[in-house]
Amino acid sequence: HHYPTDAFGEEGDDTEAQLARSRRSVLREQAQDTRRRARGKPVYYTEWNTSSNPRDPLHDEPYAAAFVVKTVMEAAGLVEGYSFWTFSDIFEENYFPSVPFHGGFGLLNLHGIPKPTYRAFELLRRLGTESLLVDGSHETVDAWVVRKDHSLTVLLTNHQLPRRLVKTEQVHIKLTNAPKWCHAYAERIDGAHANAKRLWREMGEPEYLGAAEAERLQEASRVRKEPHPWEHADGNLHLDIRLPPHAVAAITLEFTPENRGGGARA
């Protein structure tokens, strides 16, 4: 098991203070060290999350989705199994709450309404297995490009630990040797997208949900495909997107069978 709050902070610190003392990509560092010590044996992590606190508000928010995407992509090639803790907020180790969003570990809340983390795993599940080279670095933005059949997905996160600077970023992606024609769409998880907790707050944070309220929250949780503009120049395909703090964005490019994307530069 591991969490980014492990062994960080001082006695009496709350979860936010522990995370503030942690490091970006600390779970990747730990997985790398474990893989070295395993000396070729398979490595399985059967429990991880954004924190070890079963009442952490960040579990219900886009912050956690950005953390999940970044962590899973960084664990690729280091572990044989990586099991998120846990699937649902219907969870027996602590008292059973009635509040729909109470900071539980689950991907789904008590009513089966997907949190941003659930939608993050949906995006990850649809990725291919062929990763392309990405050149470029940033303090809070991370990028991956993955090819699958006749499509290519640019996956982006804008993530930082609490109490550290993170702001909306304008990201430019250049795909080299790209064909001239494609269909592009973007899927987003952030404060304004796939975020049921935001609507719950606007509803006055009701402790008990009726069927109509639960359905509204289900709808607000969905990731939607939106056409995304692109430009082709000098044999390269150019994309631009704005990423608010703690955002996930997946831009998928669909090519004809005879035209598949080339290298990538972000």
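Each remark here, short or long, concerns the structure printed above.
Residues numbered from 1 in each chain as written. Predicted model: local features only at pLDDT ≥ 70, side-chain atom pairs only at ≥ 80, totals over all residues. Heavy atoms only, no water.

**Let's talk about the overall build of the protein**
No. 1: The secondary structure content of the protein amounts to six helices and eleven strands.
No. 2: Whereas a compact globule of 266 residues would reach a radius of gyration of roughly 18 Å, the protein reaches 19 Å, a difference of no more than 12%.
No. 3: Projected onto its principal axes, the C-alpha coordinates of the protein cover approximately 60 × 50 × 35 Å.
No. 4: A burial count over the protein gives 52% of its 266 residues as buried. (Helix = DSSP H or I, 4+ residues; strand = E, 2+ residues; numbered from the N terminus. Rg over C-alpha atoms; globule rule 2.2 N^0.38 Å. Buried < 20%, exposed > 50% of the residue type's maximum accessible area, 1.4 Å probe, protein only.)

**What to know about the packing of aromatic side chains**
The geometry of an aromatic ring pair is captured by two quantities: the separation of the ring centres and the angle between the planes.
No. 1: Enumeration over the complete set of coordinates arrives at ten aromatic pairs.
No. 2: On the basis of an interplanar angle of 45° and a centroid distance of 6.4 Å, the ring pair of Trp48 and Phe67 is categorised as tilted. Taken together, the positions of Trp48 in the loop between strand E1 (44-45) and helix H3 (62-75) and Phe67 in helix H3 put the pair 19 residues apart, joining distant regions of the chain. Accessibility classification places Trp48 together with Phe67 in one group, the buried group.
No. 3: For the pair Trp181 and Trp230, a centre-to-centre distance of 6.3 Å together with 80° between the ring planes defines the contact as edge-to-face. Of this pair, Trp181 sits in the loop between strand E6 (169-175) and strand E7 (183-189) while Trp230 sits in the loop between strand E8 (226-227) and strand E9 (231-233), placing them 49 residues apart in sequence.
No. 4: Look at Trp181 and you get exposed, because its relative accessible area is 68%.
No. 5: Its end group placed over the ring of Tyr95, Arg55 keeps NZ or CZ at 4.7 Å from the ring centre. (Phe/Tyr/Trp six-rings, centres within 6.5 Å; stacked < 30°, edge-to-face > 60°. Lys NZ or Arg CZ within 6 Å of the ring centre and 35° of its normal.)

**Some details on the sheet that holds E8**
No. 1: An order of E3-E4-E5-E11-E7-E8 is seen for the six strands of this open sheet, with the pairing classed as antiparallel. At either end of the open sheet lies a strand with only one pairing partner, and these are strand E3 (130-132) and E8.
No. 2: In this sheet, strand E5 (residues 151-158) lies alongside strand E4 (residues 141-148) in antiparallel orientation, the contact comprising eight bridges. If you follow Trp144 over to E5, its bridge partner there is Leu155.
No. 3: Each of E5, E7 and strand E11 (247-254) is contacted by helix H4 (residues 116-125), which is oriented at about 150° to E7, the strand it contacts most. (Pairing = 2+ DSSP bridges. Contact = heavy atoms within 4.5 Å. Axes fitted to C-alpha atoms, helices over the stretch in contact; angles between N-to-C directions.)

**Overview of the pairing of E7**
No. 1: Most of E7 sits inside the fold, with six of its seven residues counted as buried.
No. 2: The sheet contact formed by E7 and E11 spans seven bridges and is antiparallel. Bridging across to E11, Arg188 finds its partner in Ala249.
No. 3: As judged from the two bridges shared by E7 and E8, these two strands associate in the antiparallel manner.

Geometric descriptors of this kind do not, in isolation, establish any biological role.
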